[in-house]
Number of protein chains: 2
Amino acid sequence: MPSDLMISRGAALRPMERIAAEMGIGDHLLEPYGHSVAKISLDAPDELSDRPRARYVVVTAVTPTPLGEGKTTTTVGLGQAFGVLGQCGVVAIRQPSMGPTFGIKGGAAGGGYAQVTPMESLNLHLTGDMHAVTAAHNLLAAMVDNHIHQGNHLGIDPHSITWNRVMDVNDRNLRQIVTGLGGRADGTPRQTGFDITAASEVMAVLALSTSLRDLRERLGRIVVGYTKDGEPVTAEMLRAAGAMAVILREALKPNLMQTVEQTPVLVHCGPFGNIAHGNSSIIADRIGIRAADYLITEAGFGADMGAERFFNIKCRASGLVPDAAVIVTTVRALKAHSGQYRIVAGRPLPDELLEENVDDVLAGAVNLRQQIANVRAHGVTPVVAVNSFPTDHPSEQQAILDVAAEEGARAAVSTHFSGGGKGAVQLAEAVADACEEPSSFHHLYDTELPLTEKIETIARRIYGADGIDVAPAAQRQIDTYERAGFGNLPICIAKTHLSLSADPSLKGAPRGWRLPVREVRASAGAGFVYPICGDMRTMPALSSSPAAETIDIDQDGEIIGLR
Amino acid sequence: MPSDLMISRGAALRPMERIAAEMGIGDHLLEPYGHSVAKISLDAPDELSDRPRARYVVVTAVTPTPLGEGKTTTTVGLGQAFGVLGQCGVVAIRQPSMGPTFGIKGGAAGGGYAQVTPMESLNLHLTGDMHAVTAAHNLLAAMVDNHIHQGNHLGIDPHSITWNRVMDVNDRNLRQIVTGLGGRADGTPRQTGFDITAASEVMAVLALSTSLRDLRERLGRIVVGYTKDGEPVTAEMLRAAGAMAVILREALKPNLMQTVEQTPVLVHCGPFGNIAHGNSSIIADRIGIRAADYLITEAGFGADMGAERFFNIKCRASGLVPDAAVIVTTVRALKAHSGQYRIVAGRPLPDELLEENVDDVLAGAVNLRQQIANVRAHGVTPVVAVNSFPTDHPSEQQAILDVAAEEGARAAVSTHFSGGGKGAVQLAEAVADACEEPSSFHHLYDTELPLTEKIETIARRIYGADGIDVAPAAQRQIDTYERAGFGNLPICIAKTHLSLSADPSLKGAPRGWRLPVREVRASAGAGFVYPICGDMRTMPALSSSPAAETIDIDQDGEIIGLR
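What you are looking at is a predicted structure, and each value in this text was computed from that prediction instead of being measured.

## A word on the overall build of chain A
For chain A, the count of helices and strands is 19 helices and 25 strands. Taking 563 residues into account, the globule formula puts the C-alpha radius of gyration at 24 Å, and chain A, at 23 Å, falls close to it. Overall, the C-alpha framework of chain A stretches about 70 × 55 × 50 Å when taken along its three principal axes. Burial analysis of chain A (563 residues in total) assigns 65% to the buried set.

Written as structure tokens, this is what we have:
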């Protein structure tokens, strides 16, 4: 098969006006950014509001291996398949982070014949939204330190500041730093650090905002630290939120692209999947829901992570109701969940994992069963998608279909990577079927419950834990947040995405364990509280041979080496 | 008069295709970015190469006060005036840095009825070029530290690393930092710092590149530090230059905008005016020179700074030959050069400076005389522009015209700020006249001279110094650079822009002083060596009441407070 970059470059692109027209979006709502990307005006949701509502499908997954199980390709392939079936499928995905493009991971435009194009636009700057998040975030950081430098009239306790700086680069040296060295004119020394831009609360705010006004207010509610009396200090108090909103005004507009089969794609925002909710923007979905027969939106990591937040954070803020959830699985992931194999990112799969072994697939299927249950716990109809690989054995794929049938879930094998939309037609039919079931969507918990109770609900019902162990420091933080008025926020549990438990080495569906809550933080602007359960890296690093080393331009000025 | 933002918003904009058409640039060379900005394809210079060459006019100034003397407004007004005269004037300016927009300075789109519009696009992200520079620069920084972390096979001496990180924000706390704290996985601790993005060598590289291939090669030549044996370590050796070029590929395309009078404006790159050459891009000028009757390009600070580098660095790299140089002056600047007044940025002018005082104007005119001579030292015809202010007295303006006449230079009072292009018609006529004089343009020095001799030539001939004093450490650096093969690069002297001398408090045209060369650095990628003569701040700070505090969006989603 040709490389992703070659497939992307070989794709026939339709003019953006035609892509938009298929969605019922007129030229006056489009702002071109080059010839193959356009922003959609914030007037679109209102203007489209009397159009029929699309079926709303979230794509989630089993607990993935470090390689990922092809959730983006499945999302893209499914959108394309609806096109094959004569329906309008619109895809909504997150914007990839640029840092990892030059690190170990490469880009995130999907892949093969199920990808968003031009992949170099998507994986590099796109329309600059990520950069705008960086700029808004770091302006606030500068204003925090400047406030202290200029006399600290708000009485900020420097040791309480939780507002790091951010940059969209993999740079381990920026994780822990001391700033403000030099002399009196160079600020006040303080230990702090950088996160990658996707981990910025500003990114989560952008993704969860329902309007420019809502964005402005959420930015104002961002808490950067506390006074010496323990009162929260907000971006509003620092008079930074207005300028931040101005910096983000264009970034709030979703980006329109297309797949290699000319299926419309809304690309917008890329919040982290562990310390944030890991879903693309509400504004993009609000537009897509009135501009398609099927709106296919992706949620980060497994159903215990991205889908749970999709249901309980994103849908709560948007008011949109999902009709079905696709759970992407692979033979290799279920084999890995048997606990018999070790998969490492950047290294080839172990040979023995490629041998036919239905028993291991069935052993690992316990994870799939739990993720099916996790979707059903929200009253949503699950559909299992077996993302097919050339190394799969038919008996192994059949075993997964059998497990799905045992669980009463629709299922299909999908060959979108090599076959594009045609390869996902069976999956699309299963999804269409599932959408006809009456929805009984509901949130998992009431936000009015105490924070601890909400955390415990997720831990027990979704992760399969026996309970939670809250460290004393974490309990003090919970008390602080409840006093500060953040007690009624929904929960975004920051834990590993590589296990249903908090221990990445535990595969399958671990039982007999308790969720350790080491620390609790609040994203008051984005509107959630996130307990930290494990080591969360918020700044990735480059490897010994970063992808950047092989990326270049050739003699014709064309990009080479991007993947 | 209405605010700049109101004037900008009230301007009738022509579609970008029409603006380009006036320049003879076809639609196929345009890439729209929203409706009021477009990028111009890198195919344009070749495609336009058989069109007649425009007159090439550089706008420079007397030594400015901290308020600036209206060089951008004059540049814009002059371009507009050629339109009034039925000629095609095209304006080329730098992209403003976003940091200062939220600091004390505000934006830099020109002002009044001589400004580039929409000013909010220009002053915020524009098409993301600045962000691309930030990303490319910081990828290289991450790869430097990663190289050391992964075993340091090149043998980089960590103490020799001169490659800081950059960010487009005013943030004093980032000036001096220690990175790599934490544990083994978090890098190697190292003292370093952040500069503002405009101060990045990548920005200077982008501005001086003549093609994508040239950009790629210049990036490869960037020196980040030295081995323990004193050999330069380049971006090429770190295998970073290819990825950097890919990140910058779109940023290399100039941006097309228009003035409030629909005059075409090329906005591209914004290199610092002291440690870098402070001129907009060569590629923009290469396009403009084939797309206008008059191409008006701006050079930073006074004629001793931006214009000298324009002649000796930019024109040397581009091969373009200037026809005239406009020297912008103001009554207030010449009064300040009498040494009798103190002007502070962000504070009102002293009352006594506003009183009629021809003697002080004449006393300060010594600076103007020197800057006229500085232009002539390159064989270029000077034109003095008196940028008119409502507080000027007619006798004072006349005194400046008289001084110009004494020096044999054309001169005109210009009221473009309040009057737009019509206010600059006399100036345009003087410029048109000057362009008819036969050009005898030549560089000030031969690059084959030793570095010290080149520095001394600029110091004596342009600054009026009696000589230079090279500190021992600086001499060692000069020796190192000459050994490393950088001896034949042109010179970019980093000194204060507030005096012809290296002491910002010395006004007029100081005599009887020597230029102290404290340190010498090389921008091997950009292609110049820069001696440091004084304290150069490469990261600005926020004031006690930053502009950011009053910038916001209103109930209609419109930006307020931007200036």
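Now that the structure has been shown, we can carry on.
## Structural notes on the pattern of salt bridges
A full pass over the atoms with the stated rule returns 64 salt bridges over all chains. The partner of B:E558 in a salt bridge is B:R9, with the nearest N and O atoms 3.6 Å apart. Of this pair, B:E558 sits in the loop between β24 (552-553) and β25 (559-560) while B:R9 sits in helix α1 (residues 4-10), placing them 549 residues apart in sequence. By relative accessible area, B:E558 is classed as partly exposed at 32%. In this structure, B:E437 and B:R410 form a salt bridge, with 2.9 Å as the shortest nitrogen-oxygen distance. Taken together, the residues span a long stretch of sequence, with B:E437 in the loop between α17 (425-435) and α18 (451-463) and B:R410 in strand β18 (residues 410-414) at a distance of 27 residues. Under the relative-accessibility criterion, B:R410 is labelled partly exposed at 24%. Within the structure, one salt-bridge network assembled from shared partners comprises A:E31, A:R249, A:E250 and A:K253.

## Overview of the interface of chain B and chain A
Listed by partner, the interface residues are 71 residues for chain B and 71 residues for chain A. Summing both sides of the interface, chain B and chain A together bury roughly 6000 Å²; the carbon and sulfur share of this comes to 59%. Area buried by chain B at its contact with chain A is led by B:N173, B:V246 and B:I553, which between them contribute 11% of it. Applying the counting rule to chain B against chain A returns 10 salt bridges. In this structure, B:R216 and A:D552 form a salt bridge, with 2.8 Å as the shortest nitrogen-oxygen distance. Between the two partners, chain B and chain A, sit 44 residue pairs in polar contact (both at pLDDT 80 or more).

## Here we look at the confidence of the model for chain A
With 99% of its residues at a pLDDT of 70 or more, chain A shows a mean pLDDT of 96. For this predicted complex, the interface confidence comes out at an ipTM of 0.96, alongside a pTM of 0.97.

## A short note on the domain arrangement of chain A
A common way to express how large an interface is: the accessible area buried when the components associate. Residue and element names in this part refer to chain A. Taken domain by domain, chain A consists of domain 1 (4-128 + 251-435), domain 2 (129-248) and domain 3 (451-533). Computed over C-alpha atoms only, the centres of domain 1 and domain 3 are separated by 26 Å. Contacts between the two partners involve 26 residues from domain 1 and, on the opposite side, 21 residues from domain 3. Its largest share of buried area at the contact with domain 3, domain 1 owes to I275, I313 and Q370, together 25% of the area lost on that side. Summed over the shared surface of domain 1 and domain 3, the number is one salt bridge. Where domain 1 meets domain 3, there are seven residue pairs in polar contact (both at pLDDT 80 or more). Contributions of two or more residues to the side of domain 1 that touches domain 3 are made by α12 (303-318), α13 (331-337) and α14 (358-376). For the side of domain 1 that touches domain 3, the leading source of residues is α12, giving seven residues.

## Observations concerning the sheet that holds strand β23 (residues 528-533) of chain B
Residue and element names in this part refer to chain B. Pairing is mixed in the open sheet, where three strands are placed in the order β20-β23-β22. The open sheet has two free edges, formed respectively by β20 (494-495) and β22 (519-523), since each of these has just one partner strand. For β22 and β23, the ladder comprises five bridges, and the chain directions are antiparallel. Paired with V520 across the two strands is P531, which belongs to β23.

## Observations concerning the sheet that holds strand β20 (residues 494-495) of chain A
Residue and element names in this part refer to chain A. Sheet architecture is open: three strands sit in the order β20-β23-β22, paired in mixed fashion. In this open sheet, the two edge strands, each paired with only one partner strand, are β20 and β22 (519-523). Summarising the sheet, β20 and strand β23 (residues 528-533) pair through two bridges and their orientation is parallel. Bridging across to β23, K495 finds its partner in C533.

## Quick look at the packing of helix α9 (residues 212-221) of chain A against helix α10 (residues 241-248) of chain A
Packed helices, taken two at a time, are described by the angle their axes make and the gap between the axes. All names here are of chain A. In contact at an axis separation of 9 Å, α9 and α10 are set at 135 degrees when each is read in the N-to-C sense. As judged from the angle between their axes, α9 and α10 are oblique. The crossing of α9 and α10 is right-handed. Where α9 approaches α10, its residues L215, R216, L219 and G220 are matched on the opposing element by A241, G242, M244, A245 and L248. Its residues assigned to classes, the contact of α9 with α10 comprises six nonpolar, two polar and one charged.

## Quick word on the relation of the copies chain B and chain A
Once chain B has been moved 0.0 Å along the axis and rotated by 180 degrees, it coincides with chain A to within an RMSD of 0.0 Å. Both copies are brought into coincidence by an operation consistent with a two-fold rotation axis. Among all residues of chain B, the minimum C-alpha distance to the rotation axis is found for B:Y33, at 2.1 Å. Interface overlap between copies: 100% of the residues of chain B at the interface are likewise at the interface in chain A, consistent with a symmetric, same-surface contact.

## Considerations on the packing of helix α8 (residues 201-208) of chain B against helix α9 (residues 212-221) of chain B
All names here are of chain B. Orientation of α8 relative to α9, taken along the N-to-C sense of each, is 150 degrees, at an axis distance of 9 Å. Put simply, α8 runs roughly antiparallel to α9. As α8 packs across α9, the resulting crossing turns out to be right-handed. When α8 is examined against α9, the residues V202, V205, L206 and L208 are found in contact with a partner set consisting of D214, L215, R218 and L219. Residue classes in the contact of α8 with α9 are distributed as six nonpolar, no polar and two charged.

## Quick word on α8(B)
Residue and element names in this part refer to chain B. Burial analysis of α8 places eight of its eight residues in the buried class, which makes it a mostly covered element. Taken together, the buried positions of α8 are occupied by E201, V202, M203, A204, V205, L206, A207 and L208. N-cap assignment for α8: the residue whose side-chain oxygen lies 2.9 Å from the backbone N of V202 is S200.

## As for the UniProt feature "binding site: ATP" (unreviewed entry) in chain A
Residues and elements named next belong to chain A. Per the UniProt annotation, the sites labelled "binding site: ATP" (unreviewed entry) are T65, P66, L67, G68, E69, G70, K71 and T72. Mapped onto the fold, E69 is located in the loop between β3 (55-61) and α4 (71-84). In this structure E69 comes out as buried when scored by relative accessible area, which is 4%. Each residue touching E69, except ones within four places of it in the same chain, is listed here: P64, V328, T330, R332, A333 and N387. Since its relative accessible area comes to 12%, K71 is described here as buried. Those residues in contact with K71 that sit more than four places away from it in its chain are V59, T60, A61, E298, A299, G300, F301 and V328.

## Examining the packing of aromatic side chains
Working definition: an aromatic ring pair is given by the centre-to-centre distance plus the angle between the planes. Taken as a whole and assessed by the stated rule, the structure comprises 14 aromatic pairs over all chains. Ring geometry for A:F311 versus A:F441: centroids 5.9 Å apart, planes at 50 degrees, classification tilted. Of this pair, A:F311 sits in helix α12 while A:F441 sits in the loop between α17 (425-435) and α18 (451-461); the two residues are 130 residues apart in sequence, bridging distant segments of the chain. Exposure remark for A:F311: the relative accessible area of 0% places this residue in the buried category. Taking relative accessible area as the criterion, A:F441 reaches 18% and is therefore assigned buried. Considering the side-chain rings of B:F82 and B:Y294, the 4.0 Å spacing of their centres and the 10 degrees angle between planes classify their relative orientation as stacked. Remark: B:Y294 occurs in strand β15 (residues 294-298) and B:F82 occurs in helix α4 (residues 71-84); sequence separation between them is 212 residues. Neither B:F82 nor B:Y294 differs from the other in exposure class; each is buried. A connected cluster of aromatic rings, assembled from ring pairs, spans A:Y56, A:F310, A:F311 and A:F441.

## Here we look at the state of the cysteines
Within the structure shown, the criterion is met by zero disulfides over all chains. Of the cysteine sulfurs around A:C533, a residue in no disulfide, the closest is that of A:C492, at 10 Å. Note on A:C533: relative accessible area 0%, which makes it buried. Note on B:C435: no disulfide assigned, nearest cysteine sulfur contributed by B:C315 at a separation of 13 Å.

## What about the environment of A:A243?
Mapped onto the secondary structure, A:A243 falls in helix α10. Look at A:A243 and you get buried, because its relative accessible area is 0%. For the pair A:A243 and A:R216, spaced 27 residues apart in sequence, the C-alpha separation works out to 9.4 Å. For A:A243, the residues in contact, after removing those within four places along its chain, are A:L139, B:F102, B:A548 and B:I551.

Conventions and cut-offs
- Here the residue index of a chain counts from 1 through its sequence in written order.
- Whichever chain is written first is A, and whichever ligand is written first is 1; the rest continue in order.
- Residue-level local features of this predicted model are given only where pLDDT is at least 70; pairs of side-chain atoms are given and counted only at 80 or more, and the full residue set underlies all totals for whole chains, interfaces and linings.
- The basis for every side-chain value is the complete set of non-hydrogen atoms in the structure, without hydrogens or water.
- By definition, any uninterrupted DSSP run of H or I lasting at least four residues is a helix, any uninterrupted run of E lasting at least two residues is a strand, and each is numbered from the N terminus.
- Note that the radius of gyration is over C-alpha atoms, with the globule rule given as 2.2 Å times the number of residues to the power 0.38.
- The buried label goes to any residue with under 20% of its type's maximum accessible area, the exposed label to any with over 50%, and the partly exposed label to all in between, with areas taken from a 1.4 Å probe on protein chains only.
- Salt bridges are identified by distance alone: a Lys or Arg side-chain nitrogen within 4 Å of an Asp or Glu carboxyl oxygen.
- Any pair of residues with heavy atoms lying within 4.5 Å of one another is described as a contacting pair.
- Simply put, the buried area is the total loss of 1.4 Å probe accessible area from both parts when two parts are fitted together.
- Nitrogen and oxygen atoms within 3.5 Å of one another constitute a polar contact, given that in protein one can donate a hydrogen and the other can accept it, and given that sequence-neighbouring residues count only through two side-chain atoms.
- pLDDT gives the predictor's per-residue confidence on a scale running from 0 to 100.
- By convention here, the domain bounds are inherited from an automatic or database domain assignment.
- DSSP-based pairing: two strands are paired if at least 2 bridges between them are found.
- Axis definition: a line fit to C-alpha positions, over the contact stretch in the case of helices; interaxial angles, taken between N-to-C directions, run 0 to 180 degrees.
- Each angle is binned into one of four classes, with values under 35 degrees roughly parallel, values over 145 roughly antiparallel, values of 65 to 115 roughly perpendicular, and all other values oblique.
- By definition, turning the near helix anticlockwise from the far helix through less than a right angle yields a left-handed crossing, and turning it clockwise yields a right-handed one.
- Under the scheme applied, nonpolar residues are Ala, Val, Leu, Ile, Met, Phe, Trp, Tyr, Cys and Pro; charged residues are Asp, Glu, Lys and Arg; polar residues are all the others, including Gly.
- When the copies are superposed, the least-squares fit takes in the C-alpha atoms of residues with a pLDDT of at least 70 in both.
- UniProt positions are given in the numbering used here, feature names are shortened, and annotations may be inferred rather than shown by experiment.
- Each pair of aromatic rings taken from Phe, Tyr and Trp, with Trp reduced to its six-membered ring, is defined by centres within 6.5 Å and is described as stacked if the planes are under 30 degrees apart, edge-to-face if over 60, and tilted in the remaining cases.
- Disulfides are defined as cysteine sulfur pairs within 2.5 Å.

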